[in-house]
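Each chain, written out:
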Amino acid sequence: MPKLFRWCRWNSATFIATLAAAVALVTGASVALANTTVGAAQAANSGSANAVSAGTTTSGIAPAMSCSGIAQLDLASAVPGVPFEISSATEIAASANTLGNWAACDVKGVIAPQLHFEIKLPESGWQANYLQVGCGGLCGNTSVNNAPASAGCVPLTTGAFAVASSDEGHYQGGGLFSTDPTLRADFGYKSDHELLQAAKAVIKQYYGQAATHSYFDGCSQGGHQALTEAQRYPTDFDGIIAGAPANNFTALNTFSHAWTAQSVYLDGGPATITNADLADLHKAVLKGCGAPADGIIADPLSCTWDPGTIQCGTGETSTSDAYCLTPDQVTTLRRVYAGPTDEHGHLLYPGYQLRGSELNWAGIITPATATGASGDISFVRETLRYQIFDSPQPTLTYKDIKFTAAYYKKVMALGEGMYDATDPDLTAFKKAGGKLILWHGLGDQHIPSVGTMAYYKAVEKAVGGEAATMSFARLFLLPGVAHCGGGQGPDTFDALTAITDWVTKGTAPAGLTTKSVDSGGNTTATRPVYPFPYYAKNTTGGPAGDASSYTPVKSTAEANLKLNWLGSFRSGYETVGNWVGGKWIVSKAKK
């Protein structure tokens, strides 16, 4: 996760409005983009009594009770249907708080049956805001010590937010917990809704008043949690940040990861591509895609470079100076770039690796040695053995996944209702006044960003088009950035200020400024990112590491994205589980 640094994005309403107009004039952007942003800027100028934005400094709301007193509270019946207890409440110094320079009351507790949570309550500076933070992987621990898309957000670093997170109902990172149906439901959809209610009850006791605004920030599994909340519990949060969401959980952790594994280990043999190949391969891709001198492909979806163009000739041996591919390597790479397909050529997951992501594959898609194991193998193993089927299947591996229409329907029928967050109908969230920022690194080696693009386009269709969607939801794609950060492109940014401004002032983000930051906290490059389907292009000839060199350009490939996918983004697939008369009953969820 990116570290917290003390900088924030620009938030001048006038500048945002001007930028939006430039988008429309320079690139032919829809009038909806310009009008929406100009209107938001006007709303921002009118002010808001509850607004908290970058640079705000106030004394805040003081606690109404001591920190030690929280541990003595009996809150088992505070929230109907969500029994919970406080296990500890301790004071932590500002110097020990990784979220910012504020002392806190650190509260830990358990929601039945075993959902562990942690809440950091500011002892000063609180502005009646609540931030819930997601976790990563299959969770198994609380992640309250950082927020993934909030680098330098002043309200966070000064204590404006009470911050909470949970372990999603289990305390180990593998998939074994899913053999218990209650824990499966907690992980699949329930835990964040229950945490919100418990945390708000604690907050009200501690400060003597309720939180005014609630926000969610998560990446990967945290992005999955974020979209689950927007879809299933649309009134829980005012603003949601969903990064690199693992929302198509079932197909991702079976078909997508198994496909790349079976592609790299062709016919179950040794790996055809290893970490040692990635640097030379990446150079060839950059050349084939016509990348600029900075080595970052800004619009990778538009690149269709074929690995066969560098296949070794008869008797030719690959070297670093003259890198070429064996026929098996060409097959592997074509499969990785194409994504998992069935016998009829239909995608079994709505995404695939984009050209330019190769340097990020190490350890995930490719192993260190030809006989070593990749991360994809372990991802598939946990889900396939413990999370999909009704009973454990401890001998299954990635080799057992069948890429057929019949097997796809079987697996999805078993898993998607409980685990997936792919419902595109966010009408209820929009009606409740909710705001959503989606973001994804275009070099993501874990979760292909194409899937998030496809989901966003499905949302547009479900809620009434581009303008209707941009009024409450926007997607930002970060060139070169790997899974939840890292990679080759600027990956540090502040979406938390953006979402709070949008919620409290009506200022929709016309763009975000991303930064590359070295180990000493120094900014080495800046780059703007614009709402999908626009990308930043250096049209001025200025320095590649200077955000002012870029202007927004519409990506034809993104705007016209269509996938030949066997699945669909739709409503009505969701299920819920409950104990009824001693039996675990799974039924259709009610929206």
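The structure presented is a predicted model; accordingly, all values stated were derived computationally and were not measured.

Each value, and the rule that gives it
Residues numbered from 1 in each chain as written. Predicted model: local features only at pLDDT ≥ 70, side-chain atom pairs only at ≥ 80, totals over all residues. Heavy atoms only, no water. Salt bridge = Lys/Arg side-chain N within 4 Å of Asp/Glu carboxyl O. Helix = DSSP H or I, 4+ residues; strand = E, 2+ residues; numbered from the N terminus. Buried < 20%, exposed > 50% of the residue type's maximum accessible area, 1.4 Å probe, protein only. Pairing = 2+ DSSP bridges. Axes fitted to C-alpha atoms, helices over the stretch in contact; angles between N-to-C directions. Expected span 1.5 Å × (residues − 1). Parallel < 35°, antiparallel > 145°, perpendicular 65-115°, else oblique. Contact = heavy atoms within 4.5 Å. Nonpolar A, V, L, I, M, F, W, Y, C, P; charged D, E, K, R; others polar. Disulfide = S-S within 2.5 Å. Core = buried A, V, L, I, M, F, W, Y, C linked by side-chain atoms within 4.5 Å. Phe/Tyr/Trp six-rings, centres within 6.5 Å; stacked < 30°, edge-to-face > 60°. Lys NZ or Arg CZ within 6 Å of the ring centre and 35° of its normal. Polar contact = N/O pair within 3.5 Å; in protein donor to acceptor, adjacent residues only side chain to side chain. 1 Å grid on protein atoms, 1.4 Å probe; cavity = no way out; pocket = protein on both sides within 12 Å on 5 of 7 lines; lining within 4 Å. Points joined across faces, edges and corners; volume = space filled by probe spheres on them.

> Requested: an account of the pattern of salt bridges, with residues and values cited.
Tallying each qualifying case throughout the model produces five salt bridges. The partner of Asp306 in a salt bridge is Arg334, and the shortest N-O contact between them spans 2.9 Å. Of the two residues, Asp306 is situated in the loop between helix 8 (278-288) and helix 9 (327-338) and Arg334 in helix 9; the sequence distance between them amounts to 28 residues. Given a relative accessible area of 29%, Asp306 falls into the partly exposed group. The partner of Glu382 in a salt bridge is Arg381, and the shortest N-O contact between them spans 3.4 Å.

> So what's going on with the sheet that holds strand 1 (residues 84-92)? Which residues, and what values?
Hydrogen bonds between backbone groups are what pair the strands of a sheet, and the pairing can be parallel or antiparallel. Strand order across the open sheet formed by nine strands is 1-2-3-5-4-6-7-8-9, with mixed pairing between neighbours. In this open sheet, the two strands that pair with only one neighbour each are strand 1 and strand 9 (473-478). Strand-to-strand twist in this sheet, taken as the mean axis angle between neighbours without regard to direction, amounts to 15°. Pairing of strand 7 (residues 239-243) with strand 8 (residues 435-441), which is carried by five bridges, proceeds in the parallel orientation. Bridged to Gly243 within strand 8 is Trp439.

> Go over helix 7 (residues 249-264), please, and point to the residues and values.
In an α-helix, one turn spans 3.6 residues; hence positions three or four apart end up facing the same way. Here helix 7 is 16 residues long and its end C-alpha atoms lie 22 Å apart, about the 22 Å a rise of 1.5 Å per residue gives. Within helix 7, 16 of the 16 residues are buried, which leaves it mostly tucked inside the rest of the structure.

> Explain the packing of helix 7 against helix 11 (residues 405-419) to me, using residue names and the numbers behind them.
The interhelical angle for the contact between helix 7 and helix 11, taken along N-to-C directions, is 140°, at an axis separation of 8 Å. By the angle between their axes, helix 7 is oblique relative to helix 11. Taken together, the residues of helix 11 that come into contact with helix 7 (itself represented by Phe249, Thr250, Ala251, Thr254 and Phe255) are Tyr407, Tyr408, Val411, Met412, Gly415, Glu416 and Tyr419. In terms of residue class, the contact of helix 7 with helix 11 is built from eight nonpolar, three polar and one charged.

> I'd like a description of the state of the cysteines, backed by residues and values.
What the rule picks out here adds up to five disulfides. Each sulfur of the disulfide joining Cys135 and Cys139 lies 2.2 Å from the other. Negative torsions about the S-S bond denote left-handed disulfides, and the value of about -120° found for Cys135 with Cys139 makes this one left-handed. As far as the burial class goes, Cys135 and Cys139 line up, both buried.

> Tell me what's going on with helix 6 (residues 221-232), and back it up with residues and numbers.
The end-to-end C-alpha separation of helix 6 is 16 Å, in line with the 16 Å expected for twelve residues at 1.5 Å each. In terms of burial, helix 6 is a largely internal element, twelve of the twelve residues being buried. The complete set of buried residues in helix 6 reads Gln221, Gly222, Gly223, His224, Gln225, Ala226, Leu227, Thr228, Glu229, Ala230, Gln231 and Arg232.

> Outline the pairing of strand 14 (residues 575-580), listing residues and values.
Strand direction decides the pairing type here: strand 14 and strand 15 (residues 583-588), joined by six bridges, are antiparallel. Opposite Val580, over in strand 15, you have Lys583 as the bridge partner.

> Can you break down the nonpolar core residue by residue, with the values?
Ranked by internal contacts, the top residues of the largest apolar core, which has 110 residues, are Phe84 and Leu121. Judged by nonpolar contacts, the second largest core, of 33 residues, contains Ala147, Leu156, Leu478 and Ala498.

> Break down the packing of aromatic side chains for me, citing the residues and quoting the values.
Taken as a whole, this structure holds 22 aromatic pairs when the rule is applied. Each ring, one from Phe255 and one from Tyr408, has its centre 5.4 Å from the other, and the planes form 50°; the classification is tilted. With Phe255 in helix 7 and Tyr408 in helix 11, this pair connects stretches of sequence that are 153 residues apart. Pair check on accessibility: Phe255 and Tyr408 agree, each one buried. Taking the ring centre of Tyr189 as reference, the NZ or CZ of Arg232 above it sits at 4.3 Å. Positioned over the ring face of Trp259 is Arg335, at 3.9 Å from the centre of the ring.

> Explain the environment of Thr540 to me, using residue names and the numbers behind them.
Among the secondary structure elements, Thr540 is positioned in the loop between strand 12 (534-538) and strand 13 (550-554). Residue Thr540 is classed as partly exposed on the basis of its relative accessible area, which comes to 48%. Along the primary structure Thr540 and Ala468 are separated by 72 residues, whereas in three dimensions their C-alpha atoms are 32 Å apart. The residues contacting Thr540, other than those within four sequence positions of it, are Ser548 and Ser549. Polar side-chain contacts of Thr540 include one of 3.1 Å to the backbone nitrogen of Gly542.

> Explain the side chain of Thr250 residue by residue, including any values.
With respect to the helices and strands, Thr250 occurs in helix 7. Residues within four places of Thr250 in sequence aside, it is in contact with Ile388, Val411, Met412, Gly415, Glu416, Tyr419 and Asp420.

> Tell me what's going on with empty space enclosed by the protein, and back it up with residues and numbers.
Under the definition given, this model contains six cavities of 30 Å³ or more. Computed from the structure, the largest cavity encloses a volume of approximately 90 Å³. Ile297, Arg355, Gly356, Ser357 and Gly480 are, among the 13 residues lining the largest cavity, the residues nearest its centre. Looking at the second largest cavity, its volume works out to about 70 Å³. Lining the second largest cavity, in full, are Ala298, Leu442, Leu477, Pro479, Arg527, Pro528, Val529, Tyr530, Tyr534, Tyr535, Ala536 and Glu558. Residue assignment for the lining of the second largest cavity shows that the elements contributing at least two residues are strand 11 (523-529) and strand 12. Grouping the amino acids of the lining of the second largest cavity by side-chain chemistry returns ten nonpolar, no polar and two charged.

> Summarise the side chain of Gln387; cite the residues concerned and give the values.
Positionally, Gln387 belongs in helix 10 (residues 375-387). Gln387 sits in the buried class, given a relative accessible area of 0%.

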